[in-house]
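In case you want the letters, here they are:
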Amino acid sequence: MSSPDLAAADFARLAAAHPDPAFPHFHPRPAQGWINDPNGISHLNGRYHVFFQYNPASARHHKIAWGHLSSADLVRWEGHPVALRPQDGGPDEYGCWTGVVTDDGGVPTAAYSGVRGDGGHSQVVISRGSADLIEWSQDGHVAASMPADPMVTAVRDPFIFRFNGKRYAVQGAGLASGHAALLLYSVEDLSDWKYQGIWLTSGNPIAAAQTPAEIWECPQLVRVPSASGGDAWVMMFSLWLSGDDHEHANGVGHLIGSLTEDPATGLPVFFPETGGKSDLGRDFYAPQIVQLADTLSGPGAAGGPGASEPKALLWGWANEGPGRDGRRGRSQAEIDAAGWAGVLTHPRILSVVDGSLAVAPAPEMDAYRGAQLASQVAGSVELPLYAEAVVSGGPAALAADAVVELSLVAVGSTDAGADSPAEGGQVVFSGALAAGEELRVFVDASLVEVYRSGTVATTLRAYPAPGERWLLRLPEGAAADVWQLEQPQ
């Protein structure tokens, strides 16, 4: 197999040739190496760019660089050379960690967490890129160091946003009080960030209830459309606890609220109103959201003809693991033997519905639908290794205990009793279904994504053993359409 560090690698061909049956075919990543947080997501010069934390040398979290993928349509992806690498003696010698890419006066610019040594404090490092984002100049410029604030004990993961025509940034932090926090910066000059202080903490009662953590990692702040009209600001955090070691028990949480300008200081102020879990799966962490330019809405859109509507796309990281919530996982020895670890989710579009976050696959994912294998099937249906199923509750009331289950069962099982997970299989997903609800279930080898209409998704990893197949069980009154996933021509 060719090196994953070569340019112009077409992901569809790479995936088709991969020897590991658990390797995804519709979630692009290099053939080998460790990946985690999506970084630097941007839409510049007509292409989507997704960078990600990457160790091309092994399937372990070490000496993190930035990998790079790009696409014109979110469907056909091309791999590129490593974009950023740790620089010997530089502010990022221990790793190029989480950050963003922004257009700075026509120059693609990365702002990311760099660390000098194991246990050292993170600094915001700036790197400038070529117009196609393929080549990067790393001169070790530091735009922001650890604040000289005795309350701040840890800081990481810069994120840039705009408000009222001005550019700002936040970083996640931990405080001496034990609270998680956001730090605010004004960024008139991208090479010299001005610290404005602690902006929000988990001492806020809404934040304490919805986003509990010791450090808010990978903070995000974007404007998304609201079904009730207008828009809302969504703030999202990965909820770090000491001793996590990539298990991330608290997962990812978000706050929904408003952003206003403080008349005294001119700085933005975020007022959280509600919040919740951003994904219900145990294998989802460190998402990044890109705020796309406002698009002109059609006549039926909120705000009427010609109104502008914000759009935000999210990617998350689904990591390998020893098995969570009773699911069979992969040991470190198995991961090392496979030579790869980590998957990025489908791009997800965000909105607010009835005051809650709603997450759906980007509509471009419909392009992966190939042959339709079933239409309005009831009962149980077998899914191929790469599949999409749309489950509908139907108009009639379902039983109060109606549940949709996705399981791995032994090949050759024929009836419900033999298909029972007690016969050696496992339930990977189990969720209630009500009349009028819809679930979209994607299976891509070892990655499962379940999208429920009007709310957040569920992201899970599971590894079919030799002789196992995927089985979708539907409650009485529910039906499913099923497609084989295929790369479009």
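A brief structural summary.

Definitions and cut-offs
Residues numbered from 1 in each chain as written. Predicted model: local features only at pLDDT ≥ 70, side-chain atom pairs only at ≥ 80, totals over all residues. Heavy atoms only, no water. 1 Å grid on protein atoms, 1.4 Å probe; cavity = no way out; pocket = protein on both sides within 12 Å on 5 of 7 lines; lining within 4 Å. Points joined across faces, edges and corners; volume = space filled by probe spheres on them. Nonpolar A, V, L, I, M, F, W, Y, C, P; charged D, E, K, R; others polar. Helix = DSSP H or I, 4+ residues; strand = E, 2+ residues; numbered from the N terminus. Salt bridge = Lys/Arg side-chain N within 4 Å of Asp/Glu carboxyl O. Buried < 20%, exposed > 50% of the residue type's maximum accessible area, 1.4 Å probe, protein only. Phe/Tyr/Trp six-rings, centres within 6.5 Å; stacked < 30°, edge-to-face > 60°. Lys NZ or Arg CZ within 6 Å of the ring centre and 35° of its normal. Pairing = 2+ DSSP bridges. Axes fitted to C-alpha atoms, helices over the stretch in contact; angles between N-to-C directions.

1. Describing empty space enclosed by the protein
Piece 1. Throughout the structure, instances matching the rule amount to three cavities of 30 Å³ or more.
Piece 2. Its volume calculated, the second largest cavity comes out at about 90 Å³.
Piece 3. Every residue lining the second largest cavity is counted, 14 residues in all, and those nearest its centre are Pro 28, Trp 77, Trp 315, Thr 345 and Pro 347.
Piece 4. Here the residues of the lining of the second largest cavity are counted per class, giving 11 nonpolar, three polar and no charged.

2. Description of the layout of surface pockets
Piece 1. Within this model, the largest pocket holds a volume of roughly 860 Å³.
Piece 2. Of all elements in the fold, only strand 2 (33-44), strand 6 (95-104), strand 7 (107-115), strand 10 (152-163) and strand 14 (215-225) reach the threshold of two or more residues within the lining of the largest pocket.
Piece 3. For the lining of the largest pocket, the element with the most residues is strand 10, which contributes five residues.
Piece 4. In terms of residue class, the lining of the largest pocket is built from nine nonpolar, 13 polar and eight charged.
Piece 5. When its volume is computed, the second largest pocket comes out at roughly 630 Å³.

3. Comments concerning the pattern of salt bridges
Piece 1. Within the structure shown, the criterion is met by 24 salt bridges.
Piece 2. Residue Arg 461 is joined to Glu 320 by a salt bridge in which the shortest nitrogen-to-oxygen separation is 2.7 Å. Here the residue Arg 461 occupies a position in strand 31 (residues 457-461), and Glu 320 occupies one in the loop between strand 19 (308-318) and helix 3 (332-338), the gap between them amounting to 141 residues. Both residues of the pair, Arg 461 and Glu 320, belong to the buried class.
Piece 3. Note that Arg 440 and Asp 366 form a salt bridge whose closest N and O atoms lie 2.9 Å from each other. Pair noted here: Arg 440 is in strand 29 (residues 438-444) and Asp 366 is in the loop between strand 23 (356-361) and strand 24 (369-377), with a separation of 74 residues, a long-range link.
Piece 4. When its relative accessible area of 13% is taken as the criterion, Arg 440 is described as buried.

4. Re the packing of aromatic side chains
Piece 1. What the rule picks out here adds up to 17 aromatic pairs.
Piece 2. Pairing Tyr 94 with Trp 97 gives two aromatic rings, centres 6.1 Å apart and planes at 45°, and the pair type is tilted.
Piece 3. Judged by relative accessible area, which is 30%, Tyr 94 ranks as partly exposed.
Piece 4. For Trp 97, a relative accessible area of 15% gives the class buried.
Piece 5. Grouped by ring-pair contacts, the aromatic residues Phe 51, Trp 66, Tyr 112 and Trp 136 constitute a single cluster.
Piece 6. The lysine or arginine in question, Arg 156, covers the ring of Trp 240, its NZ or CZ lying 5.5 Å from the ring centre.
Piece 7. Sitting over the ring of Trp 483, Arg 369 keeps its end group 3.9 Å from the ring centre.

5. Here we look at the sheet that holds strand 27 (residues 403-410)
Piece 1. In spatial order, the strands read 25-32-27-28; together these four strands make up an open sheet with antiparallel pairing. This sheet does not close on itself; its edge strands, each paired only once, are strand 25 (380-383) and strand 28 (426-432). On average, each strand axis in the sheet is tilted by 20° relative to the strand beside it, whichever way the strands run.
Piece 2. Taken together, the six bridges between strand 27 and strand 28 define a ladder with antiparallel strand orientation. Considered in strand 28, the bridge of Val 403 is made with Ala 432.

6. Remarks on the sheet that holds strand 17 (residues 268-277)
Piece 1. Spatially, the four strands line up as an open sheet ordered 14-15-16-17, and their pairing is antiparallel. Strands with a single pairing partner mark the edges of an open sheet, and in this sheet they are strand 14 and strand 17. Put simply, the sheet's adjacent strands are angled 30° from each other on average, direction ignored.
Piece 2. With nine bridges connecting them, strand 14 and strand 15 (residues 231-240) associate as antiparallel partners. Along strand 15, the bridge assignment pairs Pro 225 with Asp 231.

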